[in-house]
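Geometric and topological summary
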Amino acid sequence: MLHVGGTGQWRSWPPTALLLFIAVTQILLTRTADLSPWKGGGFGMFATTDGTAFRYVRLFVDTPERSDELAVPQSLEDAALRAQLFPSDRFLLRLGEAAAVRERRQGRSVSSVRVEVWKIEFSNTPLRSTERKLRSFTVHFEPAPVSGE
Amino acid sequence: MSVQLALRLTALVLLLRPMGPWTLRPLILAAAGLALLSPRVLMSSWTWYGLTALLAARIVADWPLPDNHVYLLMYWCLAISLALGAATPDRVLMTSARLLIGTAFLMAIIWKGMLSPDYLDGRFFRVTWLTDERFGDAVQLFGQLSQPQLDHNRVALRPMPEGARLVHPPSLEEPSAFRHLVLASTWGIFTLEALVAVAFLCPPGKRSSMAQHAALLCFCGMTYAIAPVAGFGWLLLTMGLALCRADQQVLRGVYVGTWFLVLMYSEVPWAHLMVAWLSSSTPI
């Protein structure tokens, strides 16, 4: 007869079960939602170039009069990093809204903010790099609603 | 003895690499500091349940930014909590350490060998050695590339818009030593990680136990000389030390020595010093 709780050996399993659950979830998110393989607890670091160094974010602010690209300011770096590593609606929306708040604080009007997440890919022979857009997401501000592509 | 030492080193890992937002960081540091100072706090499962919860909160708060070793540290703290509540903490912690290391390395191998499109063909290390400035000294040392060659290659690797091509694209300068470095790092790391995964996931036995220690010590001693993630190395070595039996004093000493070697790797710019020394000793 197996005494499950007798020696307490069952106590060794929950941490590894949790590791496996999170690692499998991470793989699914990399395949379905463009999560960077370096992140999310799947142990995909040092396995691919698709990490922080080769992803970046571009911000475009539109008003009725102008359309400008913003350099990502220091105050938005954290939000931009999250969006580039996991370009989900939630992180892209958060970044777009934060960019709009910042623009308005500086007295500039904003009708929409477009957030683009880009990735740099490498071919092998010859070794060359190309840019590819992973996602584009536009946040509209009054009166238009929020929409994603 | 191994359990207490492993717990102390875990607390030290938490203190040496403070982590998390300011709301969590003081709590993590306080718990780890108290664990180091008080044997009662160190050996209480509640301390480690608390640290597990704080690390989980850190991962959620910062998601998806935390590195993989932060996840492993959280699993390890959970393993310690559960082990300290058992009748034989050392045996439970040994099994946990073995399973966690084996599974983490198995996932790393699955990523490198099956899921990643650019690892086994050498692209990952080719690009990383050439573009990541943190490895600049190591590439000069082992790849025989000069700083001007590295600068030239970095310019040549600047990305083109999708679909665009240059009529005369700049060619990369990759001496044979560099190509050997790419080959050795790609397959050396893959092989070493596979050995660790197999050794730790095999059924426990005297022979597999020695293979585990040899593979893990070899991996940590070599990898963290270059890889700038000392926290990962310390954690793996701490978990490896937890696998030592009471009578394996020499092996415990080797683990502690390697732990401090990784600390030296992270604090002494040895590759930079060697490059500087070699360039000053080379006759003009």
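Residues numbered from 1 in each chain as written. Chains lettered and ligands numbered in written order. Predicted model: local features only at pLDDT ≥ 70, side-chain atom pairs only at ≥ 80, totals over all residues. Heavy atoms only, no water.

1. Quick word on helix H1 (residues 2-16) of chain B
Rules: Note on conventions: DSSP H or I runs of at least 4 residues are helices, E runs of at least 2 residues are strands, and numbering of each starts at the N terminus. In this scheme, a helix's expected span is set at 1.5 Å multiplied by one less than its residue total. To sort residues, take the accessible area from a 1.4 Å probe on protein chains only and compare it with the maximum for the residue type: under 20% means buried, over 50% means exposed, and anything in between is partly exposed.
Between its first and last C-alpha, H1(B) extends 21 Å over 15 residues, near the 21 Å set by a 1.5 Å rise per residue. Where H1(B) is concerned, the buried positions are Ser2(B), Val3(B), Ala6(B), Leu7(B), Leu9(B), Thr10(B), Ala11(B), Val13(B) and Leu14(B).

2. Comments concerning the packing of aromatic side chains
Stated precisely, the cut-off is as follows: The rule is short: rings of Phe, Tyr and Trp, with Trp giving its six-membered ring, pair when the centres are within 6.5 Å, and they are stacked under 30 degrees, edge-to-face over 60, tilted in between. Two thresholds decide whether a charge sits over a ring: the Lys NZ or Arg CZ must be within 6 Å of the ring centre and within 35 degrees of the ring normal.
Counted by the stated rule, this structure contains 21 aromatic pairs over all chains. Here Trp46(B) and Tyr49(B) contribute two aromatic rings whose centre-to-centre distance is 5.6 Å and whose plane-to-plane angle is 50°, an arrangement assigned as tilted. One end of the pair, Trp46(B), and the other, Tyr49(B), are both in helix H4 (residues 45-62), three residues apart, so they sit about a helical turn from each other. Owing to a relative accessible area of 66%, Trp46(B) belongs among the exposed residues under this scheme. Residue classification places Tyr49(B) among the partly exposed positions, given a relative accessible area of 29%. Chaining the aromatic ring pairs together yields one cluster made of Trp38(A), Phe46(A), Tyr119(B), Phe124(B), Phe125(B), Trp129(B), Phe135(B), Trp187(B) and Phe190(B). If you follow Lys112(B) out to its NZ or CZ, it ends over the ring of Tyr119(B), 5.8 Å from the centre.

3. What to know about the nonpolar core
The criterion, for reference: For our purposes a nonpolar core is just a set of buried Ala, Val, Leu, Ile, Met, Phe, Trp, Tyr and Cys residues, chained together by side-chain atoms within 4.5 Å. We call two residues in contact whenever any of their non-hydrogen atoms come within 4.5 Å of each other.
In terms of nonpolar packing, the biggest core is built from 102 residues, with Phe43(A), Leu72(B), Trp76(B), Leu93(B), Trp129(B), Leu216(B) and Leu236(B) touching the most fellow members. Residues in contact with Leu216(B), not counting those within four places in the same chain, are Ile101(B), Phe105(B), Val196(B), Phe200(B), Leu236(B), Gly240(B) and Tyr255(B).

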